[in-house]
Amino acid sequence: MFESLKKAPIDKIFQLLGEFRADEREDKIDLGIGVFKDKNKHTPIMSAVKKAEKQVFDNETTKTYVGVSGNRGFCDSISDLVFGESVDKSRIRAVQAPGGTGSIWVLLQLINRARPNGKIWVSDPSWPNHWPMCELSGLEPNFYPYFDHKTGKVKFDEMMECLDALGPQDTVLLHACCHNPTGANLTNEQWDIVAKSLKRTGAFPFIDSAYLGFGEGLEEDAYGLRKLASELPEMMLAFSASKNFGLYRERVGVAFCIAKNPEQADIAFSQMGNIVRASFSQPPDHGAEIVRVILADPELRAEWEAELEDMREFIVHIREKLADAIRERSNSSNFDFVAEHQGMFSLLGLSKEQVGILKKENAIYMLDDSRISIAGIPEDEIGRMADAIVGVLR
Ligand code: LMR
């Protein structure tokens with residue numbers, strides 16, 4: 001059986017995590033995988049999550065199946081959180097899926113059913129799992145220009161030149177906010193232009209929302225997705241609760257379809273359920289029920305929002321400190337973009353060799369394209385990090 005196969009490539013994010021865990025140096029710093037870490041380099045359980053989890057344990061009386069489309073109260077509350085009043089609920093349908101990735105999977109399968117072997121456009125660069133997931137789903141991934149490595153900003157004119165030339169058979173994958181891996185995001189005015197372009201070309205929008213609340217705030221970060229939802233006849237969105245509820249390993253996500261009318265929404269819903277059943281039968285309930293409890297209880301919800309805001313502010317603070325520390329040491333403003341970026345990541349623009357030196361000599365781990373997880377930087381190590389980064393640039 002297996003003699004016909006070659007070893008498959010390991011996902012670079014998890015390969016790096018394995019190397020980091022095996023490194024015995026005490027001063028090692030993990031800037032690889034996108035997880036939030038506190039002062040003690042620990043990823044804590046949010047206190048609202050801990051309290052809701054206790055309620056779930058105390059109140060749960062059965063472990064029988066929930067159903068193919070998952071926890072309905074959870075899906076409805078995420079729908080309200082994400083879309084607000086931007087679109088008539090009669091056109092939205094949702095199924096729960098294992099994490100943001102499981103949600104992307106369900107939606108990619110659905111695209112391939114509607115448009116077999118169709119073209120899907122992803123930003124250059126994008127989250128490293130987008131491209132392989134598109135391929136595995138039978139779609140043909142292509143890049144649209146996105147990030148200018150020289151300026152650290154979005155190449156918006158080039159991006160729009162590409163998007164403006166698409167047609168109704170194309171799908172465009174957009175990051176809702178906090179672009180992964182670059183940290184460079186569209187402004188509200190740019191989202192308006194994207195919405196206009198998609199309306200004119202008929203290209204289909206697919207939004208990946210994994211970091212809602214980490215950029216400027218929950219409402220602010222939803223501007224672009226709500227703009228598209230309110231103006232376009234159809235859309236898909238994959239939501240992840242991994243980061244904003246800190247539920248990483250519980251795999252909590254939702255796959256949303258917005259259709260032209262309730263009849264087509266029902267068809268999309270039946271197709272999503274059919275894909276879920278054939279892929280993993282049903283999603284896991286535990287994390288979703290925790291989120292449902294939090295969002296349904298005003299006190300827990302306020303506590304969760306405050307904790308999320310603390311994480312967001314901490315990231316902004318670390319960004320500013322790191323940019324200052326590099327500026328002081330290098331006498332240049334070349335890395336000021338770190339403070340302007342939003343969300344968990346920034347792409348530093350270092351070479352693979354420089355990234356390798358930082359790992360070998362300084363025990364600083366980042367992805368080989370020099371993506372750093374800002375949420376993983378220990379505040380008291382910023383000086384050492386800036387010394388090391390400026391050191392490899394010399
Ligand atoms: C990341 O990009 O580091 C996170 O989204 C974790 C993952 O699953 O890749």
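The rules behind these values
- Numbering of residues starts from 1 in every chain and runs along the sequence as written.
- Since the coordinates come from a predicted model, pLDDT governs what is reported: local features require at least 70, and pairs of side-chain atoms require 80 or more to be given and counted, while whole-chain, interface and lining totals use all residues.
- Each side-chain value is derived from all of the structure's non-hydrogen atoms; neither hydrogens nor water enter the calculation.
- Classification of ring pairs rests on two measures: the distance between centres of Phe, Tyr or Trp rings, Trp counted by its six-membered ring, which must be within 6.5 Å, and the angle between planes, read as stacked under 30 degrees, edge-to-face over 60 and tilted in between.
- Any residue under 20% of the maximum accessible area for its type is buried, any over 50% is exposed, and the rest in between are partly exposed; the area is computed with a 1.4 Å probe on protein chains only.
- The criterion is that NZ of a Lys, or CZ of an Arg, lies within 6 Å of the ring centre and within 35 degrees of the ring normal, and then a charge sits over that ring.
- Nonpolar core, defined: a set of buried Ala, Val, Leu, Ile, Met, Phe, Trp, Tyr and Cys residues in which side-chain atoms within 4.5 Å join the residues together.
- Runs of E in the DSSP output that reach at least two residues are strands. Runs of H or I that reach at least four are helices, and both are numbered from the N terminus.
- Domain delimitation follows an automatic or database domain assignment.
- Whenever a helix is involved, its axis is fitted only over the stretch in contact; in every case the axis is a line through C-alpha atoms, and angles between N-to-C directions fall within 0 to 180 degrees.
- Working rule for angles: under 35 degrees goes down as roughly parallel, over 145 as roughly antiparallel, 65 to 115 as roughly perpendicular, anything else as oblique.
- Left-handed describes a crossing whose near helix is turned anticlockwise from the far helix through less than a right angle; right-handed describes the clockwise counterpart.
- It only takes one pair of heavy atoms within 4.5 Å for two residues to be counted as in contact.
- If even one non-hydrogen atom of a residue comes within 4 Å of a molecule or strand, that residue is called near it.
- Any pair of nitrogen or oxygen atoms within 3.5 Å is treated as a polar contact; in protein, a donor-acceptor pairing is required on top of that, and neighbouring residues in sequence qualify only through side-chain atoms on both sides.
- Where accessible areas are quoted, they stem from the Shrake-Rupley method and a 1.4 Å probe; at the residue level, only the protein chains shown are allowed to cover.
- Gly is put with the polar residues, along with every residue not named as nonpolar or charged; the nonpolar set is Ala, Val, Leu, Ile, Met, Phe, Trp, Tyr, Cys and Pro, and the charged set is Asp, Glu, Lys and Arg.

## Side note on the packing of aromatic side chains
Logical step 1: In total, this model carries seven aromatic pairs according to the counting rule given.
Logical step 2: Summarising the aromatic geometry, the rings of Phe335 and Phe337 are spaced 5.7 Å apart at their centres and angled 35 degrees between planes, so their arrangement reads as tilted.
Logical step 3: Judged by relative accessible area, Phe335 falls into the buried class, the value being 9%.
Logical step 4: The aromatic ring of Phe20 is capped on one face by Lys28, whose charged end is 4.5 Å from the ring centroid.
Logical step 5: Its end group placed over the ring of Phe345, Arg371 keeps NZ or CZ at 3.7 Å from the ring centre.

## Describing the nonpolar core
Logical step 1: Of all hydrophobic cores here, the largest spans 135 residues; its most connected members are Ile78, Phe83, Met159, Phe206, Phe239 and Trp304.
Logical step 2: Residue contributions to this core peak at 11 residues, all from helix α12 (residues 298-330).
Logical step 3: Inspection of this core shows a minimum of three residues originating in each of domain 1 (12-45 + 301-393) and domain 2 (65-296).

## As for the packing of helix α7 (residues 188-201) against helix α9 (residues 223-231)
Logical step 1: In the contact formed by α7 and α9, the axes pass within 9 Å of each other and the chain directions differ by 30 degrees. On the basis of their axis angle, the class for α7 and α9 is roughly parallel. Considering how the two elements wind past one another, α7 and α9 form a crossing that is right-handed. Residues Asn188, Trp191, Asp192, Ala195, Leu198 and Lys199 of α7 pack against Tyr223, Gly224, Lys227, Leu228 and Glu231 of α9.

## Some thoughts on the site of the ligand
Logical step 1: The full set of residues close to the ligand is Ile13, Ile33, Gly34, Trp127, Asn180, Tyr211, Lys243, Phe345 and Arg371.
Logical step 2: Here an oxygen atom of the ligand sits 3.0 Å away from a polar atom, N or O, in the side chain of Trp127.
Logical step 3: A distance of 3.3 Å is found between an oxygen atom of the ligand and a side-chain nitrogen or oxygen belonging to Tyr211.
Logical step 4: Considered on its own, the ligand offers 260 Å² of accessible surface; in the complex 84% of this is hidden by protein.
Logical step 5: A breakdown of the residues in the shell around the ligand according to their chemical character gives five nonpolar, two polar and two charged.
Logical step 6: Two domains share the shell around the ligand, each providing at least three of its residues, namely domain 1 (12-45 + 301-393) and domain 2 (65-296).

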